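Single-letter residue listing:
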Amino acid sequence: LEVPATLAGFTIRRYEPVVESKILATFNRVFRASRTLEHWRWEFPGNPEGMQVMVAIHDATGEVAGHYAGVPRRIKCRDATGIAADSVDSMVDPRFRAGLRRPGLFVILGLRWFRDFGSGGNLFAHGLPNESAVRVGGVFLTYQTVHSQLALEKPLAAARALGGPAPPAVSEVTRFDGRFDALWQRVAPEIAIGTIRDSRYLNWPLAHHTAVSD
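A brief report on the enclosed structure follows.

### Here's the deal with helix α4 (residues 131–140)
Here is step 1 of the chain: Looking only at α4, the buried set comprises A133, V136, G137 and F140. Taken down its axis, α4 places every buried residue within 100° of arc, on the same side. Structural note: α4 exposes E131 and V139 on the side pointing more than 90 degrees away from its buried face.
Here is step 2 of the chain: On the buried face of α4, the contacting elements are α3 (105–118).

Rendered as structure tokens:
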């Protein structure tokens, strides 16, 4: 499927800081959420591996009509290392949605995102799309199901996960340091495909938690 530069009535482009509040407004409207601008800035502009965000601007109103994004993470994939994107928060305002019979705004955004960030960049992209996105993505965006995730739960009253008569010692971490880099190096040979969980990666979510706590 040929990737058009835009769709009539819309401008499709990479993220620019001037539209982040409009992205957030559309997100909260579409998902009926109350996400803050602080959270959005941590998850996307604050990501140490960069930003992979494509937006569609409605020309007549200047509103963000759609958003297709990936959260890039450094990964180990067998003998290679590189970037894989966790596809999240993809959306189109209901006022601008089109049916499955023709590529609509969601599809055009997705195609532009894969063209700009996927070709020669990411090793792969992955995510947990809803049923509607699975149907559209399967037809137009070459989505493939590689695994059906099970939801597991365990009663809190069950036996201790680590065994033994007493709980393990627990201490608060304020910053991940070189010890966690060394830990990753020890366990990495046992992991075929996985996120590189060194101090660079672990300090990213910790920074968000600290900011919210303060």
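### Side note on the nonpolar core
Here is step 1 of the chain: Ranked by size, the top nonpolar core spans 22 residues in total, and within it Y15, V19, I23, W40, F44 and V53 carry the most contacts.
Here is step 2 of the chain: Secondary-structure elements contributing two or more residues to this core are α1 (20–31), α2 (37–43), β2 (52–58), β3 (64–77), β4 (80–92) and α6 (199–213).
Here is step 3 of the chain: Aside from chain neighbours lying at most four places away, what touches W40 is Y15, E20, I23, L24, R35, P45, M51 and H67.
Here is step 4 of the chain: One finds Y68, L111, W113 and L141 within the second-largest nonpolar core, a separate group that totals 21 residues.

### A closer look at the packing of aromatic side chains
Here is step 1 of the chain: Here the structure, examined in full by the defined rule, presents 10 aromatic pairs.
Here is step 2 of the chain: Ring centres 4.9 Å apart and planes at 25° place the aromatic pair W42 and W204 in the stacked group. With W42 in helix α2 and W204 in helix α6, this pair connects stretches of sequence that are 162 residues apart. W204 matches W42 in its accessibility class, with the two residues each being buried.
Here is step 3 of the chain: With 5.6 Å between their ring centres and 55° between their planes, Y68 and F106 make a pair best called tilted. One end of the pair, Y68, is in strand β3; the other, F106, is in helix α3, with 38 residues separating them in the sequence. F106 matches Y68 in its accessibility class, with the two residues each being buried.

### Section: unusual backbone geometry
Here is step 1 of the chain: The phi dihedral of R32 falls on the positive side, at around 50°, and the residue is not glycine.
Here is step 2 of the chain: You can see R32 is positioned in the loop between α1 and α2.
Here is step 3 of the chain: You will see that D89, though not glycine, has its phi angle at about 60°, which is positive.
Here is step 4 of the chain: Classification of D89 by relative accessible area gives buried; the value is 15%.

How each quantity is defined
Residues numbered from 1 in each chain as written. Predicted model: local features only at pLDDT ≥ 70, side-chain atom pairs only at ≥ 80, totals over all residues. Heavy atoms only, no water. Buried < 20%, exposed > 50% of the residue type's maximum accessible area, 1.4 Å probe, protein only. Helix = DSSP H or I, 4+ residues; strand = E, 2+ residues; numbered from the N terminus. Arc of directions from axis to C-beta. Contact = heavy atoms within 4.5 Å. Core = buried A, V, L, I, M, F, W, Y, C linked by side-chain atoms within 4.5 Å. Phe/Tyr/Trp six-rings, centres within 6.5 Å; stacked < 30°, edge-to-face > 60°.

Bear in mind that shape data such as this cannot, by itself, settle questions of function.
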